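# Chains, contacts and geometry: an overview
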Amino acid sequence: MSLNQGRSYLAIPGPSVMPDAVLQAMHRPSPNIYAGDLIDLTHSLIPDLLHVARSTQNVAIYIANGHGAWEAALANTVAPGERILLLATGNFGHGWADMAERLGAVVDRVEFGKRSPIEMQAVADALAKRKDYKAVMAVHVDTATSAKSDIAAVRKVMDDAGCDALLYADCIASLGCDDFRFDDWGVDVMVTACQKGLMTPPGMAFVYFGDRAAAARQALPQVSPYWDWAPRVDPDMYFQYFCGTAPTHHLYGLRVALDMIKAEGLDQVFARHETLARAIWAASDAWGQGGPLELNIADPAHRSHAVTGVRIGAPLGTQLRDWCEHQAGLTLGIGLGMAPPDDPAWHGFFRFGHMGHVNAQMIMGLVGTVDAGLKACGIPHGPGAAEAAAGIIANATAPQTTGAGTQITG
Ligand SMILES: *Cc1c(COP(=O)(O)O)cnc(C)c1O
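What counts as what
- Residues numbered from 1 in each chain as written.
- Predicted model: local features only at pLDDT ≥ 70, side-chain atom pairs only at ≥ 80, totals over all residues.
- Heavy atoms only, no water.
- Salt bridge = Lys/Arg side-chain N within 4 Å of Asp/Glu carboxyl O.
- Helix = DSSP H or I, 4+ residues; strand = E, 2+ residues; numbered from the N terminus.
- Buried < 20%, exposed > 50% of the residue type's maximum accessible area, 1.4 Å probe, protein only.
- Pairing = 2+ DSSP bridges.
- Domains from an automatic or database assignment.
- Contact = heavy atoms within 4.5 Å.
- Buried area = accessible area lost by both parts, 1.4 Å probe.
- Polar contact = N/O pair within 3.5 Å; in protein donor to acceptor, adjacent residues only side chain to side chain.
- Nonpolar A, V, L, I, M, F, W, Y, C, P; charged D, E, K, R; others polar.
- Axes fitted to C-alpha atoms, helices over the stretch in contact; angles between N-to-C directions.

### A look at the pattern of salt bridges
Taken as a whole and assessed by the stated rule, the structure comprises 22 salt bridges. Across the pair Asp48 and Arg255 runs a salt bridge, and its minimum N-O distance is 2.7 Å. On the criterion of sequence distance, the pair formed by Asp48 in helix H2 (residues 37-52) and Arg255 in helix H9 (residues 248-264) is long-range, its members being 207 residues apart. Each member of the pair, Asp48 as well as Arg255, carries the same accessibility label: buried. Two residues, Glu264 and Arg272, come together in a salt bridge whose shortest N-O distance is 2.7 Å.

Printed below as a string of structure tokens:
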């Protein structure tokens, strides 16, 4: 028997759950792309996109996924033969650095392994050896490991070392989920995409850049015309925003998604993600008391609030994911880059995606379903996971005046 009929829940770290309001805004006839509402709507996105990243500078929109934003960032700032320092905290940093190499850059890599964030002493040591980098490349949240790194601290180490490289941040998994401050943290180039914290179907990507990055673009002998960000942020004609036809329906969807973020308030969006993440971690800690389940990142301060990587041992990760998908309508994320795909150990990992349009009942459903899956699959685990998650959610939401929050136990 299977119990998976009903609304399914894709709890992978992107694409994320799409709000019905976003989908409904996209369900319309094709708009005029030469005049009318679409033009005004597009202009209106720019300040709100900047706000989500706490930036007052520039953002270019691309019809692309995150990989497109990676290439756009490189195409505008790095010439063949120039040197980049990658601070690698998982799969995604290496993917971006591989792309830089294919575009002719020379990449030095500092490896932090699969279970830790960027450690500043190692960055300082690397910059003590040489500092003639064009860019230092960091991933705010590496979606494979779920490690979150301190981007402001990277800038400080660069400043202290006298390194004037551009600082790149990949916020594809973190924007709209974890607090990120483009201006305050001294970031020069930030890449993101619409299908994770921004709750819109895959297809749009964004490159944020500041004055130093704009100057680097001006100094390049040539920039690939499609990826060139200059006309996109200062278009004489509407089509230059996108170097061609606008992503019409995505723009309507994104407008609604950004309205939802604005209406909730950015600080509240981050607080919601943090509380729901903590509920998943509390449940995981309870499971881990009596079995092999363990969070990939030990220190909560270094964990993403949008994705949580889990180790459970092969083949239990795949068994549990299969059970959740086929018996309960819940799709969990695969373990990415933790072991080679042809290695049996690959089956020992999974990830919870909890980014964007998620609320308390969805996370309680997620926790309860995984608990049932552990039981159904005969995987040893400690008791009390749902109670632990409920306690986190109750404590964060209990009316202050009654003191009910302090009475909750378990
Ligand atoms: C999802 C993701 C990417 C890749 O984005 P695509 O849209 O799949 O190209 C890159 N970096 C991070 C951190 C991501 O989470």
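### Details of the pairing of strand E14 (residues 349-353)
Of all five residues making up E14, five are buried, and the element is well covered by its neighbours. Side-chain alternation along E14 places Phe349, Arg351 and Gly353 on one buried face and Phe350 and Phe352 on a second face that is also buried. The pairing of strand E12 (residues 307-311) with E14 spans five bridges and is antiparallel. When the sheet's bridge partners are listed, Thr308 is paired in E14 with Phe352. Pairing of strand E13 (residues 330-334) with E14 involves two bridges; the strand directions are antiparallel. In the sheet register, Ile334 faces E14, and the bridge partner there is Phe350.

### Quick look at the domain arrangement of the protein chain
Domain annotation of the protein chain identifies domain 1 (9-16 + 265-397) and domain 2 (31-262). Distance from the C-alpha centre of domain 1 to the C-alpha centre of domain 2: 28 Å. Contacts between domain 1 and domain 2 engage 31 residues on the former and 30 residues on the latter. For the pair domain 1 and domain 2, the summed buried surface comes to about 2500 Å²; carbon and sulfur atoms form 56% of the total. Our enumeration of links across domain 1 and domain 2 arrives at two salt bridges. The salt bridge involving Asp267 is made with Arg54; its shortest N-O contact spans 2.9 Å. Put simply, domain 1 and domain 2 have 16 residue pairs in polar contact (both at pLDDT 80 or more) between them. Ranked by residues supplied to the side of domain 1 that touches domain 2, first place goes to helix H10 (residues 266-288) with five residues. In terms of residue class, the side of domain 1 that touches domain 2 is made up of 13 nonpolar, 13 polar and five charged.

### A short note on the sheet that holds strand E3 (residues 83-88)
Pairing within the open sheet is mixed, and its seven strands lie in the order E2-E10-E9-E8-E5-E3-E4. Edge strands, defined here as strands with exactly one partner in the open sheet, are strand E2 (58-63) and strand E4 (106-111). Across this sheet, the average inter-strand angle for adjacent strands is 20 degrees, counted without regard to direction. Of the strand pairs in this sheet, strand E5 (residues 135-139) and strand E8 (residues 166-170) are connected by five bridges, and their pairing is parallel. Paired with Ala138 across the strands is Ala169, a residue of E8. Here H2 sits on the sheet and contacts E2 and strand E10 (204-209); the angle it forms with E2, its principal contact strand, is near 110 degrees.

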